[in-house]
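The primary structure of each chain is shown beneath.
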Amino acid sequence: MVRVTVAPWSSVNHSTCQHCGAHVTDRFRRVFGDDDDRVHRCGDCDSYARLSRGSAAGIDVGIPDPETSPGRHGGEADA
């Protein structure tokens, strides 16, 4: 008899951010990613406030994007 084990997660490797290419962990993908465990934004290219509201899953959020709004990572805007 042949037995097949089915993993509860996808075997496809989506271990990089689709926006900046940075490495993301499997846990980050499962928690913050979209329904296919793909990460559209990560901690290297977006703020936690946006990630926790869905930007990592590809959802548009109302908080300004740190790439287009300087100083949104808690620091001062570059002069």
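Just so you know, these numbers come straight off a predicted model, no measurement behind them.

## Focus on the overall build of the protein
Next up, step 1: In terms of helices and strands, the protein carries two helices and zero strands.
Next up, step 2: Expressed as a percentage of the 79 residues in the protein, the buried residues total 32%.
Next up, step 3: Taking contacts inside the protein between residues at least 6 apart in sequence as the whole, the part at least 24 apart equals 19%.

## Some words on the pattern of salt bridges
Next up, step 1: Going through the model one piece at a time under the given rule, you end up with six salt bridges.
Next up, step 2: For the salt bridge of arginine 29 with aspartate 26, the shortest nitrogen-to-oxygen distance reads 2.7 Å. Within this pair, arginine 29 and its partner aspartate 26 are both found in helix 1 (residues 26–32), separated by three residues, close to a single helical turn.
Next up, step 3: Judged by relative accessible area, arginine 29 falls into the buried class, the value being 8%.
Next up, step 4: The partner of aspartate 36 in a salt bridge is arginine 38, with the nearest N and O atoms 3.4 Å apart.
Next up, step 5: Assessed through its relative accessible area of 29%, arginine 38 is described here as partly exposed.
Next up, step 6: Through salt bridges with shared partners, one network takes in Arg41, Asp46, Arg50 and Asp65.

## Things to note about the environment of serine 52
Next up, step 1: Among the secondary structure elements, serine 52 is positioned in the segment after helix 2 (48–51).
Next up, step 2: For the pair serine 52 and phenylalanine 32, spaced 20 residues apart in the sequence, the C-alpha separation amounts to 7.2 Å.
Next up, step 3: Among the polar contacts made by the side chain of serine 52, one reaches the main-chain carbonyl oxygen of alanine 49 at a distance of 3.1 Å.

## Overview of the environment of arginine 27
Next up, step 1: Relative to the helices and strands, arginine 27 is located in helix 1.
Next up, step 2: In this structure arginine 27 comes out as exposed when scored by relative accessible area, which is 62%.
Next up, step 3: C-alpha separation for the pair arginine 27 and aspartate 37, spaced 10 residues apart in sequence, amounts to 9.4 Å.

## Description of the nonpolar core
Next up, step 1: Counting 10 residues, the largest nonpolar core is built from Cys17, Ala22, Val24, Phe28, Phe32, Val39, Cys42, Cys45, Leu51 and Ala56.
Next up, step 2: In this structure alanine 56 touches Phe28, Phe32, Gly33, Asp34, Arg38, Val39, His40, Arg41 and Leu51, once residues within four positions along its chain are discounted.

## A few points about the packing of aromatic side chains
Next up, step 1: Using the criterion set out here, one finds two aromatic pairs in the structure.
Next up, step 2: A centroid spacing of 4.7 Å and a plane angle of 35° characterise the contact between phenylalanine 28 and phenylalanine 32, whose relative ring orientation is tilted. Residue phenylalanine 28 and its partner phenylalanine 32 are both found in helix 1; the two are separated by four residues, about one turn of the helix. Each member of the pair phenylalanine 28 and phenylalanine 32 is classed as buried.
Next up, step 3: For the ring pair phenylalanine 32 and tyrosine 48, a centre distance of 6.4 Å and an interplane angle of 80° mean the geometry is edge-to-face. Remark: tyrosine 48 occurs in helix 2 and phenylalanine 32 occurs in helix 1; sequence separation between them is 16 residues.
Next up, step 4: Chaining the aromatic ring pairs together yields one cluster made of Phe28, Phe32 and Tyr48.

Scoring rules and cut-offs
Residues numbered from 1 in each chain as written. Predicted model: local features only at pLDDT ≥ 70, side-chain atom pairs only at ≥ 80, totals over all residues. Heavy atoms only, no water. Helix = DSSP H or I, 4+ residues; strand = E, 2+ residues; numbered from the N terminus. Buried < 20%, exposed > 50% of the residue type's maximum accessible area, 1.4 Å probe, protein only. Contact = heavy atoms within 4.5 Å. Salt bridge = Lys/Arg side-chain N within 4 Å of Asp/Glu carboxyl O. Polar contact = N/O pair within 3.5 Å; in protein donor to acceptor, adjacent residues only side chain to side chain. Core = buried A, V, L, I, M, F, W, Y, C linked by side-chain atoms within 4.5 Å. Phe/Tyr/Trp six-rings, centres within 6.5 Å; stacked < 30°, edge-to-face > 60°.

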